[in-house]
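Structural features, examined
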Amino acid sequence: MSAVFTVINPATALPIREIPRASVDDTDAAISRAVVAQRSWAALPPVARADALRSFARVVEAHVEELAQLEVLNSGHPIGSARWEASHVAQVLNFYAGAPERLSGQQIPVAGGLDVTFHEPYGVVGIIVPWNFPMTIASWGFAPALAAGNAVVLKPAELTPLTALRLGELALHAGLPEGLFEVVTGSGSVVGQRFVSHPDVRKVVFTGSTSVGTDVAAGCARELKPVTLELGGKSANIVFADADLEKAAASAPGAVFDNAGQDCCARSRILVERSAYDRFLELLEPAVQSWRVGDPADEGTEMGPLISASHRSSVEGFLDGANVAFRGSAPSGDGFWFAPTVVLADRGDRLAREEVFGPVVAVLPFDDEADAIQLANDTIYGLAGSIWTENLGRAVRVSRGVKSGVLSVNSHSSVRYWTPFGGMKASGLGRELGPDAAEHFTETKNVFFAT
Ligand code: TAP
């Protein structure tokens, strides 16, 4: 492997390190190692796979600070968030360490014999992840895939490979067999596409943009290969006039500016019932202006830089002709900084429908419950969303009416490793996390024994 690419610190725009850029041959070699490792891994007793995953979790737990500092450097995540992300990886591993011994099949009554089902691993699973939450999103794929008896080839985004590479080393340190967890750094068009086309990669998990995800799905269809897709979003934060407006406004910046808005679940549209619209904006303004943007290594920082100069240009492009109501602050200097921005939008505006993936939120009024549901559903996406109301019946009706995979009422939480996560419409296909995720990395085999 002779080609390299340079990883940049987004808070300083300075280079950090050069990383090998894998070719198709390098990718094939990693897949071949994974094929060999998977055979003996799947043959282990379930309890041995569970022990190995618990050991991996313990090693990750012991390296939380190191992984978090790497993410601060490579992704510009505030240190507090980065620590949460690294701990989350250990928790996801621990959770799915409970799966190998629970992947039980069924016994189905059939005359003349015994009929049973088995959950067989696919073999090698290819996992392609984006740059916004490099560690956590990778773990949602690799932990249940390994638990179910598969080997994994993981492709991090070229912008953010550092924590994935370190997790690959920690897996070996924890005693996972060589080849079982291969990290392949390189471009999506080479490494990612090879995961799609290689006959020994039997399932693909893709997280990223809807446009690339659509191509990946088409490629997997040609190979008759199952694919899980976690794609873009334009989630609505719906605030009814009967809500606790102070709480809704105070929490709204965190729901969209967390990770500088580079979050698939970002509540990047705030829909406010018309009678509460002015009051809500009055409450929102100080909350946005006090949002702390700065050096991600500082303990008090709530938001770091955007990931790259080109991404910042793309976010800036969304403000052309926009009706900006107010903005927070951001440092000047060489990093890819962008101030949190609140825009008053009309239905049909780009900002009301398209994913920005940056710290820009569009506020729109609505008239009643039916209008709120219609407006919330007025995008191609359907990933997450929040509903603020003190009326239980309304909360039930609206949460059933909004076409999103993950909703929360009077809260903005989206991700818990023990509950299912994923999108509807153009936000994805399939679910990750939750109690059933390990089973999604298996194929059901039915065997009839005549007696
Ligand atoms: P993408 O440009 O789609 O890239 C995602 C990953 O796919 C990267 O590793 C990329 O590699 C790779 N890739 C690029 N072209 C490929 C191809 N032709 N074949 C196979 N792989 C390819 O997305 P992004 O800009 O990194 O991430 C932002 C998007 O991800 C947003 O739309 C966001 O909403 C979405 N996202 C969704 C979720 C969930 S859970 N729904 C979570 C996070 C992000 P390289 O970049 O290294 O070339």
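Residues numbered from 1 in each chain as written. Predicted model: local features only at pLDDT ≥ 70, side-chain atom pairs only at ≥ 80, totals over all residues. Heavy atoms only, no water.

What about the sheet that holds strand β8 (residues 201–207)?
The strand order across the open sheet formed by 6 strands is β7-β6-β5-β8-β9-β19, and the pairing between neighbours is mixed. The sheet terminates laterally at β7 (181–183) and β19 (428–429), the two strands that pair on one side only. Inspection of the sheet shows strand β5 (residues 124–128) paired to strand β6 (residues 151–155) by 5 bridges, in the parallel sense. Looking at the pairing, Val 125 lines up with Val 152 of β6. Together, β6 and β7 form the strand contacts of helix α6 (residues 162–173), whose direction differs from that of β7 by roughly 150°. (Pairing = 2+ DSSP bridges. Helix = DSSP H or I, 4+ residues; strand = E, 2+ residues; numbered from the N terminus. Contact = heavy atoms within 4.5 Å. Axes fitted to C-alpha atoms, helices over the stretch in contact; angles between N-to-C directions.)

Focus: the site of the ligand
Around the ligand, the surrounding shell holds 29 residues, and the nearest of these are Val 129, Glu 158, Ser 209, Leu 231 and Glu 355. Between Val 129 and the ligand, the recorded distance is 2.7 Å, taken from a backbone N or O atom to an oxygen atom. A distance of 2.8 Å is found between a nitrogen atom of the ligand and a backbone nitrogen or oxygen belonging to Leu 231. Here the ligand has 910 Å² of accessible area as a free molecule, and 86% of this is covered by the chains. Judged by its atoms lying within 2 Å of the grid points, the ligand is housed in the largest pocket. With 3 residues, the top contributor of residues to the shell around the ligand is helix α7 (residues 188–197). Residues that form the shell around the ligand fall into these classes: 14 nonpolar, 11 polar and 4 charged. (Near = heavy atom within 4 Å. Polar contact = N/O pair within 3.5 Å; in protein donor to acceptor, adjacent residues only side chain to side chain. Areas by Shrake-Rupley, 256 points an atom, 1.4 Å probe, with all protein chains shown as cover. 1 Å grid on protein atoms, 1.4 Å probe; cavity = no way out; pocket = protein on both sides within 12 Å on 5 of 7 lines; lining within 4 Å. Sits in = over half its atoms within 2 Å of the grid points. Nonpolar A, V, L, I, M, F, W, Y, C, P; charged D, E, K, R; others polar.)

Some remarks on the pairing of strand β16 (residues 384–388)
Counting buried positions along β16 gives 5 out of 5 residues, so the element sits mostly inside the fold. By the bridge criterion, 4 bridges tie strand β10 (residues 236–239) to β16 in an arrangement that is parallel. In the sheet register, Ala 236 faces β16, and the bridge partner there is Gly 385. Sheet topology note: the β16/strand β17 (residues 406–409) ladder contains 4 bridges and is parallel. Bridge pairing in β17 links Ala 384 to Val 406. Taken together, β16, helix α14 (residues 392–401) and β17 constitute a β-α-β crossover, and its handedness is right-handed. (Buried < 20%, exposed > 50% of the residue type's maximum accessible area, 1.4 Å probe, protein only. Right-handed = clockwise from strand over helix to strand, strands pointing away.)

Regarding the UniProt feature "domain: Aldehyde dehydrogenase" (unreviewed entry) in the chain
Here, UniProt's "domain: Aldehyde dehydrogenase" (unreviewed entry) annotation points to residues 5–447. For residues 5–447, helix accounts for 39% and strand for 21%, while the C-alpha atoms at its two ends are 49 Å apart. (UniProt positions renumbered as here; feature names shortened; annotations may be inferred.)

Observations regarding the UniProt feature "active site" (unreviewed entry) in the chain
This chain's UniProt record puts "active site" (unreviewed entry) on Glu 230. Inspection of the secondary structure puts Glu 230 in strand β9 (residues 227–230). Overall, Glu 230 belongs to the buried group, its relative accessible area being 3%. Contact partners of Glu 230, with chain neighbours within four places excluded, come to Phe 206, Thr 207, Gly 208, Leu 383, Phe 421, Gly 422, Gly 423, Ser 427, Gly 430, Arg 431 and Glu 432.

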